[in-house]
Amino acid sequence: MDVDAIVNAANNDLQLGGGVAGAIRRKGGAAIQQECDAIGSIPIGSAAVTTGGNLKARHVIHAASMSLGGRTTAETLRRSTLYSLHLAAEHGLRSIAFPAVGTGIAGFPLDECAEIMLHEAVAHLAGKTSIEKIFFVLFDEAAKKEFNAAWREMRARGEVDAKATQTASGKIIPGRDKSISGDPMPLRGQPDPHETSRTKSGAGKTRQSPPGRNK
């Protein structure tokens, strides 16, 4: 997928095992795991950033919503989503793609995941940030249905800008140039034959305490 960063549903030891993490490891190459190993363990509910290896995305942001073999909670999902958005903004990134973090082996309910992640995305875009587009790359139609339902409920409660619109493709545009897309699409990571170098500024950095919410 052609975005500045994709988000990995990570454990706090940054071991790329199965699910989204496994797909990133296979398509991105060994360099991503090597960078994760150099970072080491991070606090649950935080995030770390590496380069994208062989992926089209320049960066991978590892959202640690659980321990290795553990479970995701509402609080660790909220904090790791917020962390990921702040890391992307700190690196000046303009687009980021999230999976439904924690809903695979971590066992977090999909409907709650949709509500939490959409809430954090909307709140972040309402503040000062470099991010212009946030994509949710969902596994199937069931996931898309839950995210669309959560979005409709947020609009009904008045939590989304009244100017927000939704196109037939599922793209939701709050304001003029910031968007959230709920389209289901496969995780892509094929090497770009025309790309010979990647930006590595800030690779391997992580924050040690939760960032504050944008004002």
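Just so it is clear, the model here is predicted, and its values are computed rather than measured. (Residues numbered from 1 in each chain as written. Predicted model: local features only at pLDDT ≥ 70, side-chain atom pairs only at ≥ 80, totals over all residues. Heavy atoms only, no water.)

> Would you mind going over the overall build of the protein chain in detail, with residue names and values included?
What the protein chain contains, in helices and strands, is five helices and eight strands. Listed N to C, the secondary structure of the protein chain is β-α-α-β-β-α-β-α-β-α-β-β-β in terms of helices and strands. Counting the 215 residues in the protein chain, one finds 49% classified as buried. Of the contacts formed within the protein chain by residues at least 6 apart in sequence, a portion of 69% connects residues at least 24 apart. Taken as a whole, the protein chain presents about 10000 Å² of accessible surface, with 51% of it coming from carbon and sulfur. (Helix = DSSP H or I, 4+ residues; strand = E, 2+ residues; numbered from the N terminus. Buried < 20%, exposed > 50% of the residue type's maximum accessible area, 1.4 Å probe, protein only. Contact = heavy atoms within 4.5 Å. Areas by Shrake-Rupley, 256 points an atom, 1.4 Å probe, with all protein chains shown as cover.)

> Any chance you could break down the side chain of Asp4 for me, citing the residues and the numbers?
Here Asp4 shows up in the segment before strand S1 (5–11). Residue classification places Asp4 among the buried residues on the basis of a relative accessible area of 17%. Within the structure, Asp4 has its side chain in polar contact with the backbone nitrogen of Arg94 (distance 2.7 Å). Asp4 has contacts with Ala57, Arg58, His59, Leu93, Arg94 and Ser95, leaving out every residue within four places of it along the chain. (Polar contact = N/O pair within 3.5 Å; in protein donor to acceptor, adjacent residues only side chain to side chain.)

> Hey, could you go over the layout of surface pockets for me, with residue numbers and the actual values?
If you add up the space inside the largest pocket, you get close to 730 Å³. What lines the largest pocket is a set of 35 residues, among which Gly19, Val20, Pro99, Ala100 and Gly104 lie closest to the centre. Listing elements by their share of the lining of the largest pocket, those giving two or more residues are S1, helix H1 (19–28), strand S3 (59–66) and strand S4 (95–98). Take the lining of the largest pocket: its biggest share by element is five residues, from S1. Tallied by class, the residues present in the lining of the largest pocket amount to 23 nonpolar, 11 polar and one charged. (1 Å grid on protein atoms, 1.4 Å probe; cavity = no way out; pocket = protein on both sides within 12 Å on 5 of 7 lines; lining within 4 Å. Points joined across faces, edges and corners; volume = space filled by probe spheres on them. Nonpolar A, V, L, I, M, F, W, Y, C, P; charged D, E, K, R; others polar.)

> Talk me through the pairing of strand S5 (residues 133–136); I want residue IDs and the actual numbers.
Of the strand pairs in this sheet, S4 and S5 are connected by four bridges, and their pairing is parallel. Its bridge partner being in S5, Ala97 is matched across the sheet by Phe135. Each parallel crossover has a hand, and for S4 linked through helix H4 (residues 110–125) to S5 it is right-handed. (Pairing = 2+ DSSP bridges. Right-handed = clockwise from strand over helix to strand, strands pointing away.)

> Any chance you could break down the pairing of strand S2 (residues 47–51) for me, citing the residues and the numbers?
For S2, a buried count of five out of five residues is recorded, marking the element as mostly surrounded by other parts of the structure. Where S2 lies against S3, five bridges are found, and the strand directions are antiparallel. Within S3, the residue paired with Ala47 across the bridge is Ala63.

> Can you explain the packing of helix H3 (residues 74–90) against H4? Please cite residues and give values.
In the contact formed by H3 and H4, the axes pass within 10 Å of each other and the chain directions differ by 30 degrees. With respect to H4, the element H3 is oriented roughly parallel. In the packing of H3 onto H4, the handedness of the crossing is right-handed. Along its contact with H3, which presents Ala74, Leu77, Arg78, Thr81, Leu82, Leu85, His86 and Ala89, the element H4 presents Cys113, Ile116, Met117, Glu120, Ala121 and His124. Residue composition of the contact of H3 with H4, grouped by class: nine nonpolar, three polar and two charged. (Axes fitted to C-alpha atoms, helices over the stretch in contact; angles between N-to-C directions. Parallel < 35°, antiparallel > 145°, perpendicular 65-115°, else oblique. Left-handed = near helix turned anticlockwise from the far one by under 90°.)

None of this, on its own, says anything about what the molecule does.
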